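Each chain, written out:
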Amino acid sequence: MTSSMAAKEHYKVLVVGGGSGGISMSARMKRKVGAGNVAVIEPSEKHYYQPLWTLVGAGAKSVSSSERSTSSVIPSGVKWIRSRVQEFNPDKNCVRTDKGTEISYEYLIVALGLQLHYEKIKGLPEGFKYPKIGSNYSVQTVDKTWNALKNFKEGNAIFTFPNTPVKCAGAPQKIMYLSDAYLRKTGKRAKANIIYNTSLPVLFGIKKYADSLWKVVKSRDLNVNFRHNLIEVRPDKQEAVFEKLDNPGETVVFEYEMLHVTPPMGPPDVLKRSSLADEAGWLDVDKDMLQHKKYPNVFGIGDCTNLPTAKTAAAVAAQSAVLDRTISNLMKNKQPDKKYDGYTSCPLVTSYNTVILAEFDYTGQPLETFPIDQSKERMIMYYMKASLMPQIYWHGLLKHTVHSVAAFLGSPAPLNIQSGGVRSVDAEFTTVKRLTKTCDQIDYVSDTDCRCTSKAAVLSFSHITSFTENSLLY
């Protein structure tokens with residue numbers, strides 16, 4: 001196709017990015033305007049369910065279990081444009097790809113995700129060629145985390161958190177808890193000094209869950225150093241250099257036997273240099289409607305936006321429902337009437353069979369799904385994260401065919417659970433009590449019984465037929 005012919009290419013809805021937000025919205029828009037009127041620009045041949053990489057790095061899952069071909073997740077009939085966007089031109093309602101193709105649109109959905117910057121740490125990414133270093137944030141380095149963990153002998157196991165926004169902000173400490181559990185199971189814990197060096201001044205941003213995490217940290221003899229930011233890795237010497245953010249110019253060197261790196265992150269370069277970005281380079285959208293502040297036919301979802309909430313797959317699930325409604329109303333010349341409350345979720349994995357399920361909103365207030373104390377470590381929440389939610393992701397969120405756990409399980413039973421509590425009748429309350437009792441019992445089974453018992457517990461969720469769309473994905 002010549003560039004002049006390509007310039008005439010036009011779609012009613014153009015989606016830039018084929019991650020969770022982009023695929024979810026392309027499925028929703030297909031239902032609105034027809035498959036032939038929707039296109040997705042995405043260069044990658046593979047699509048990954050990245051929340052699973054925490055478990056991959058701990059040896060509990062394989063990379064392949066997190067992977068599908070992009071062609072298999074693009075909604076049927078929707079055009080897949082295998083390119084990268086090189087330039088946005090929102091004043092002319094078009095984009096230009098790296099192949100020189102210009103594509104125009106009526107509505108643009110930007111779902112580019114964010115960019116990893118290992119290169120901002122001196123010694124990386126070339127340092128990953130050495131053993132004992134890994135990172136759960138890249139498909140190229142997540143297996144290196146597991147290699148470093150299973151080959152650990154004696155010394156410091158260090159886990160880092162950068163001085164930038166990150167996606168899945170709980171992940172840097174999840175792998176620490178899993179590593180502690182693995183070293184205990186293999187009899188190496190007594191020879192390990194586990195250290196969490198974070199640029200943040202707190203362990204976790206929401207006090208309810210931070211209090212629970214501190215109990216975990218203290219009970220397992222984990223060391224936390226605040227305001228420590230990784231700036232250099234010397235892999236030949238097994239040394240990591242950190243700057244002390246509260247003492248400018250001061251650095252400290254740690255030797256390591258294992259190092260897990262969470263890289264600095266930022267907005268994609270193509271977005272930073274466009275008129276769509278705010279001063280920091282993120283897509284500048286209204287935090288309630290997800291509509292661009294300057295260009296009313298441009299919308300954003302997921303990690304590339306400047307929404308003041310944690311960047312997680314759960315946030316994307318909640319945002320997709322609001323964005324669907326916003327665009328639908330605008331197509332009908334109506335005003336947007338559904339607001340995104342900032343809902344996000346972080347399943348804080350604390351061992352190979354426990355999770356603290358953190359859910360909260362823009363204000364930092366807990367916005368929980370279940371009528372139980374979610375700040376407590378629970379086995380059932382682990383199996384929801386490890387086994388149930390990946391299936392809901394592949395078969396529900398991406399296809400826009402499932403709005404709840406129960407719909408996925410095929411249950412007809414009539415329990416409705418809203419974030420923050422239960423609504424409606426006595427029969428529903430009775431079922432909630434049964435669910436709560438099952439969840440509590442799950443915490444007291446032995447490791448050898450946990451898989452079998454958790455199946456029964458998961459089946460209890462088949463009583464649930466309607467979560468809020470916020471609580472679709474953890």
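Residues numbered from 1 in each chain as written. Predicted model: local features only at pLDDT ≥ 70, side-chain atom pairs only at ≥ 80, totals over all residues. Heavy atoms only, no water.

- The protein appears in an unreviewed UniProt entry as SQOR protein from Polypterus senegalus.

1. Comments concerning unusual backbone geometry
Excluding glycine, most residues fall at negative phi; most peptide bonds, likewise, are trans.
Next, step 1: The omega torsion across L124 and P125 is 5 degrees, close enough to zero to call that bond cis.
Next, step 2: Summarising the element assignment, P125 is placed in the loop between β9 (115–116) and β10 (133–134).
Next, step 3: Unlike most non-glycine residues, N93 shows phi in positive territory, near 55 degrees.
Next, step 4: Position of N93 among the secondary structure elements: in the loop between β6 (85–89) and β7 (94–97).
Next, step 5: When its relative accessible area of 28% is taken as the criterion, N93 is described as partly exposed. (Helix = DSSP H or I, 4+ residues; strand = E, 2+ residues; numbered from the N terminus. Buried < 20%, exposed > 50% of the residue type's maximum accessible area, 1.4 Å probe, protein only.)

2. A look at the sheet that holds strand β16 (residues 251–255)
Two pairing modes exist for strands in a sheet, parallel and antiparallel, and in both the strands are linked by backbone hydrogen bonds.
Next, step 1: Taking strand neighbours across the sheet as the criterion, the three strands line up as β14-β15-β16 in an open arrangement whose pairing is antiparallel. At either end of the open sheet lies a strand with only one pairing partner, and these are β14 (228–234) and β16. Recorded for the sheet is a direction-independent mean angle of 30 degrees between the axes of neighbouring strands.
Next, step 2: Relative to strand β15 (residues 239–244), β14 runs antiparallel, the two being bridged by six bridges. For N229, the partnering residue across the bridge sits in β15 and is E243. (Pairing = 2+ DSSP bridges. Axes fitted to C-alpha atoms, helices over the stretch in contact; angles between N-to-C directions.)

3. Points about the side chain of T97
Next, step 1: As for its position among the elements, T97 is in strand β7.
Next, step 2: Residue T97 is classed as buried on the basis of its relative accessible area of 1%.
Next, step 3: The residues touching T97, leaving out its near neighbours within four places in the chain, are I41, S83, R84, V85, Q86 and I103. (Contact = heavy atoms within 4.5 Å.)

4. Structural notes on the pairing of strand β1 (residues 9–16)
Next, step 1: Across the eight residues of β1, six count as buried, placing the element largely inside the fold.
Next, step 2: In this sheet, strand β8 (residues 102–110) lies alongside β1 in parallel orientation, the contact comprising seven bridges. Bridging from a neighbouring strand, E9 pairs with I103 of β8.
Next, step 3: As paired elements, β1 and strand β2 (residues 38–41) share four bridges and run parallel to each other. Looking at the pairing, V15 lines up with V40 of β2.
Next, step 4: One crossover worth recording links β1 to the parallel β2 by way of helix α2 (residues 20–33), and it is right-handed. (Right-handed = clockwise from strand over helix to strand, strands pointing away.)

5. Points about the nonpolar core
Next, step 1: Counting residues in hydrophobic clusters, the biggest one holds 131 residues, and the most contacted among them are F88, L108, I109, F204, L276 and Y340.
Next, step 2: No other element matches helix α10 (residues 379–397), which puts 13 residues into this core.
Next, step 3: With residues near it in sequence (within four places) discarded, L276 still touches F88, P90, L108, V110, L271, W282, L283, D284, H292, Y295 and V298. (Core = buried A, V, L, I, M, F, W, Y, C linked by side-chain atoms within 4.5 Å.)

6. With respect to empty space enclosed by the protein
Next, step 1: Inspection of the entire model under this criterion finds two cavities of 30 Å³ or more.
Next, step 2: Here the largest cavity defines a volume of roughly 50 Å³.
Next, step 3: Together, G302, D303, T305, L307, T309, A310, K311, T312, A315, V316 and Q319 line the largest cavity.
Next, step 4: Class assignment for the residues of the lining of the largest cavity results in four nonpolar, five polar and two charged. (1 Å grid on protein atoms, 1.4 Å probe; cavity = no way out; pocket = protein on both sides within 12 Å on 5 of 7 lines; lining within 4 Å. Points joined across faces, edges and corners; volume = space filled by probe spheres on them. Nonpolar A, V, L, I, M, F, W, Y, C, P; charged D, E, K, R; others polar.)

7. Digging into the sheet that holds strand β17 (residues 258–260)
Next, step 1: If you trace the five strands from one edge of the open sheet to the other, you get β10-β17-β11-β12-β13, paired in parallel fashion. Each end of this open sheet is capped by a strand with a single partner; those strands are β10 and β13 (223–225).
Next, step 2: In terms of strand pairing, strand β11 (residues 155–161) meets strand β12 (residues 192–198) through seven bridges, oriented parallel. Looking at the pairing, T160 lines up with N197 of β12.

8. What about the layout of surface pockets?
Next, step 1: Its volume calculated, the second largest pocket comes out at about 520 Å³.
Next, step 2: Lining the second largest pocket are 29 residues, and of these F161, A169, L200, G205 and A310 lie nearest its centre.
Next, step 3: Tallied by class, residues from the lining of the second largest pocket come to 17 nonpolar, 10 polar and two charged.

9. Here we look at the packing of α2 against helix α9 (residues 313–331)
Next, step 1: Taken N-terminus to C-terminus, the directions of α2 and α9 make an angle of 35 degrees; their axes are 10 Å apart at the nearest point. The handedness of the crossing between α2 and α9 is right-handed. Here S20, G21, S24, M25, R28, M29, K32 and V33 of α2 come into contact with α9, specifically with V316, S320, A321, L323, D324, I327, S328 and M331.
Next, step 2: Grouping the constituent residues of the contact of α2 with α9 by class yields eight nonpolar, five polar and three charged. (Left-handed = near helix turned anticlockwise from the far one by under 90°.)

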